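The lines below spell out each chain.
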Amino acid sequence: MAALSSSTALSSSSVNGLHQRIAFSSPPPFLLPQRFLSAKLSLQCRRNSHPNMVLMEDAVTTPTHVKNETPLNELNERLVLGTSLEESNDAAGFDMNGDESTVSITVVGASGDLAKKKIFPALFALYYEGFLPKHFTIFGYARSKMTDAELRNMVSRTLTCRIDKRENCDEKMDEFLKRCFYHSGQYDSQENFAALDKKLMAHEGGRVSNRLFYLSIPPNIFIDAVRCASSSASSGNGWTRVIVEKPFGRDSESSAAMTKSLKQYLKEDQIFRIDHYLGKELVENLSVLRFSNLIFEPLWSRQYIRNVQLIFSEDFGTEGRGGYFDHYGIIRDIMQNHLLQILALFAMETPVSLDAEDTRNEKVKVLRSMRPLRLEDVVTGQYKSHTKGGVSYPAYTDDKTVSKDSLTPTFAAAALFIDNARWDGVPFLMKAGKALHTRRTEIRVQFRHVPGNLYNRNFGTDLDRATNELVLRVQPDEAIYLKINNKVPGLGMRLDRSHLNLHYAARYSKEIPDAYERLLLDAIEGERRLFIRSDELDAAWALFTPLLKELEEKKIIPEYYPYGSRGPVGAHYLAARYNVRWGDLGVEQ
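These numbers were taken from a predicted model, which means no experiment stands behind them. (Residues numbered from 1 in each chain as written. Predicted model: local features only at pLDDT ≥ 70, side-chain atom pairs only at ≥ 80, totals over all residues. Heavy atoms only, no water.)

## Some words on the environment of Asn485
- Tracing the sequence through the fold places Asn485 in strand E15 (residues 479–487).
- Classification of Asn485 by relative accessible area gives partly exposed; the value is 28%.
- Separated by 10 residues in sequence, Asn485 and Leu495 have C-alpha atoms that sit 6.7 Å apart. (Helix = DSSP H or I, 4+ residues; strand = E, 2+ residues; numbered from the N terminus. Buried < 20%, exposed > 50% of the residue type's maximum accessible area, 1.4 Å probe, protein only.)

## Describing the sheet that holds strand E5 (residues 240–245)
- With parallel pairing, 6 strands are arranged side by side in an open sheet as E3-E2-E1-E4-E5-E6. This sheet does not close on itself; its edge strands, each paired only once, are strand E3 (180–184) and strand E6 (271–274). The mean angle between the axes of side-by-side strands here comes to 20°, regardless of whether they run parallel or antiparallel.
- As judged from the 6 bridges shared by strand E1 (residues 101–108) and strand E2 (residues 136–142), these two strands associate in the parallel manner. Along E2, the bridge assignment pairs Ser104 with Thr137. (Pairing = 2+ DSSP bridges. Axes fitted to C-alpha atoms, helices over the stretch in contact; angles between N-to-C directions.)

## Describing the pairing of E15
- As paired strands, strand E14 (residues 469–475) and E15 are joined by 5 bridges and run antiparallel to one another. Directly across from Leu472, in E15, lies its bridge partner Ile480.
- Examined bridge by bridge, E15 and strand E16 (residues 495–503) share 9 bridges and lie antiparallel to one another. Pairing of Ile480 across the sheet is with Leu502, part of E16.

## Some points on the sheet that holds E16
- Taken together, the 9 strands give an open sheet; going across it, the order is E16-E15-E14-E13-E7-E12-E11-E8-E17, and neighbouring strands pair in mixed fashion. Two strands bound the open sheet, and with one partner strand each, they are E16 and strand E17 (559–562). Between one strand axis and the next, the sheet turns through 20° on average, direction left out of account.
- Sheet contacts for helix H10 (residues 281–291): strand E13 (440–447), E14 and E15; angle to E14, the most-contacted strand, approximately 150°.
- Together, strand E8 (378–384), strand E11 (411–416), strand E12 (428–433) and E17 form the strand contacts of helix H17 (residues 570–577), whose direction differs from that of E11 by roughly 5°. (Contact = heavy atoms within 4.5 Å.)

## A few points about the confidence of the model for the chain
- A residue-level look at the chain finds 79% of positions with pLDDT of 70 or above and a mean pLDDT of 79.
- When mean pLDDT is taken per element in the chain, E11 scores highest with 95 and helix H3 (residues 85–92) scores lowest with 36.
- Of the regions scoring below 50 in pLDDT, residues 1–20 engages in 68 contacts with residues more than four places distant in sequence or in other chains.
- Note on residues 22–98: pLDDT under 50 across the span, and 134 contacts to partners over four residues away in sequence or across chains. (pLDDT = per-residue confidence, 0-100.)

## As for a nonpolar patch on the surface
- Side chains of Leu407, Ile557 and Tyr560 sit close together on the surface and give an oily, nonpolar patch of about 290 Å² of accessible area.
- Looking at where Tyr560 falls in the secondary structure, it is placed in strand E17.
- Exposure remark for Tyr560: the relative accessible area of 40% places this residue in the partly exposed category. (Patch = residues over 30% accessible without salt bridge, like charges linked within 9 Å, V, L, I, M, F, W, Y side chains within 5 Å. Areas by Shrake-Rupley, 256 points an atom, 1.4 Å probe, with all protein chains shown as cover. Salt bridge = Lys/Arg side-chain N within 4 Å of Asp/Glu carboxyl O.)

## With respect to the packing of helix H7 (residues 190–204) against helix H8 (residues 222–232)
- Relative orientation of the contacting elements H7 and H8 amounts to 50°, with a least axis distance of 8 Å. Classed by the angle they form, the pair H7 and H8 counts as oblique. As H7 packs across H8, the resulting crossing turns out to be right-handed. The residues of H8 that touch H7, namely those facing Gln190, Phe193, Ala194 and Asp197, are Ala225, Arg227, Cys228, Ala229, Ser231 and Ser232. (Parallel < 35°, antiparallel > 145°, perpendicular 65-115°, else oblique. Left-handed = near helix turned anticlockwise from the far one by under 90°.)

## Considerations on the nonpolar core
- Counting residues in each nonpolar core, the largest one holds 146 residues, and the members touching the most others are Phe176, Phe346, Phe428 and Phe544.
- Among the elements that make up this core, the one with the highest residue count is helix H11 (residues 322–347) (13 residues).
- Not counting the four nearest positions on each side in its chain, Phe428 is found in contact with Val308, Leu343, Phe346, Ala347, Ala414, Ala415, Leu416, Ile418 and Trp423. (Core = buried A, V, L, I, M, F, W, Y, C linked by side-chain atoms within 4.5 Å.)

## Let's talk about the packing of aromatic side chains
- Counting across every chain of the model gives 22 aromatic pairs.
- Here the aromatic rings of Phe346 and Phe428 are separated by 6.2 Å at their centres, their planes lie at 75°, and the arrangement is edge-to-face. Taken together, the residues span a long stretch of sequence, with Phe346 in helix H11 and Phe428 in strand E12 at a distance of 82 residues. A single burial state applies to Phe346 and to Phe428, both of which are buried.
- An aromatic cluster is defined as three or more aromatic residues linked by ring pairs; in this entry it consists of Phe325, Tyr383, Tyr393, Tyr396, Phe411, Tyr561 and Tyr563.
- The side chain of Lys431 reaches across the aromatic face of Trp582, ending 4.4 Å from its centre. (Phe/Tyr/Trp six-rings, centres within 6.5 Å; stacked < 30°, edge-to-face > 60°. Lys NZ or Arg CZ within 6 Å of the ring centre and 35° of its normal.)

Structure (C-alpha cells):
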C-alpha cells in the first residue's frame, strides 16, 4: 500500500474534472446548482486561455511542494464561487501553465492491437486538440524488443487528424511522436520497471511527476504488472493512477480476488476500471437528455414506459479471437459490463450532484435493486455456417482456436427487472450477438399505449404501431429520435409515424471523439464518473454469476442461428412472454 502515492491535495476540486468541461452556448443557470456555476469556466475556454494547463484532481500531493496551504484552500473556494481564474491564480501562487508538473503515460502492452488501434490514436487526438498538458511523455512498455524509432514507426501508421481540423497535421504528428519512447521488459520484473522509472525521471526533469499506467494486457498478468509498477515505478511526489481493462474476472469470486489483489498495491481512487462504452457520446448524453429536459424526466418511470431495450449486434464473428472469446462468451463480454452499465445510467435516480461518487452511488443502488437472472429469462445462441449470395460464412466452431464441441454462446437475450418504486414490473430486455444481420448498438424506450386512444381504428389491431418510442443510437451513425403519430396531409384521416430526429452527422460538423479519448482525458484529470467502482463491479457480478454457473453446470446447448441472420427464434418468444416486440425488427435507415 505504501508503494503508490495516493493523491489527496485539492481533493475538493473534483469539479475540475467533469464540471469544467460543461459549456453551453448560452448557459442556462437553472441547469446547474449554485456550487457548479463555476463550470461556466469550461475546460474549453480555460484551455483556450491556458493551452498548456494541467487540470487534474491531484496536481500537488505533498506538503513539501506547498509553501502555504491557505492559498490553496482559497483557490478551491474561488473555483466553487466562480471567482475569476486570474484572481484564483494570484491567490494560490499556483502555476496554471503546468511548468512545475508533468504527466508520464505508460502504455503497458504497447505492442498489442488495443494499444496500436485505440490508445495511441486517442492520445494523439488529445494532443492534436490541445488537451494534453505542456509537459508530457508517453512510454510504451512490452516484452517485444523494439527501439524508440520502431515504436514511433508502428504508432504513426494508426494516427489520423480530425476531419474538421487537418491543418498542420504532419507537423503535429512529428511533434507527438517525438514525445513517444519505448522500454522493453517483462511484466513481472521489478528490475525492468526500475529501469523504466529511471527513464521516466530523466524525462520529468525534476518537476512534480504524475504517472498514469494503462494496462493493455491480459488479466492474468494485471497483478504482476501492478506489483512491479507499485514497488519500482510509482511517482514519488505526485499522483499515480492505473487504468485496468476488462474483463474484470469471470464471476463474483474471481472478480473479488482480482480486486483484493489490486488493493494490496493500490487504493480504490487510484484504480480506473475502464468500460469504453461509458465514454461513447450517446451514453454520455443519456443523463443530459433526461435530467436537463423537462419533457422526459416526468415520463421516466413505470407509469409511462412499457419496456426498455438495450440492443447490441455485430455483423461479424469472432474473426480469430475465438480462443479469447470462448473463455468468456457474449454474456461476460458484452452484457455483464457494457449493457448493464448503460442500464444503470438509464434507470438511476437523480444524483445529488454531477460529482463522480454521487453518480456512481445511484448506479450501485440500481444494480442492487435488480433481481438475479433466472435461466428461464435467458435465451442463448451460437452462430452456424451459412451461404448467402454465393458467399460461405463460417460457423463459430470453424474457428481453429475454438473447440468443435464448444457450447459458448455468441448470442444472448435476457429479461431483467428492477424492484424499486420507479421501475417495478417494467421489463428491461437485453440482446447481444455476433454474426448478426447488422452492426448496431441502441437504447430503445417503448412507451405505453395511449389509454382510450380516439384513433385506434386508424391503426387497426396492431396497437404497437401507435406506440411512441424514444431511440438512442449509440453506434454507428449516432442519433436520437422520437417516434410520434401524425396526420398525413390530405382530405382523409390517414395517420403516419414520423421521427423527431437529432442526427449527429447532420446537426454537428465536428467529428465525434472516440470513447478512449474522453476516458483517457478523465483519467489524467482524476475524473472518475465514467469508471467502475469496486462495489459496482460486485453488484454487477452478483446478478450474472448464478446464471453463468447454471449454464455451465447444466451444459445448456445454445440455439443455433445462421451467420448473418437476426439471431435465434427463441429471443422473439422471450420478448413475447412480456408482451414486447423487439424494436429493431424493422430498423429505420
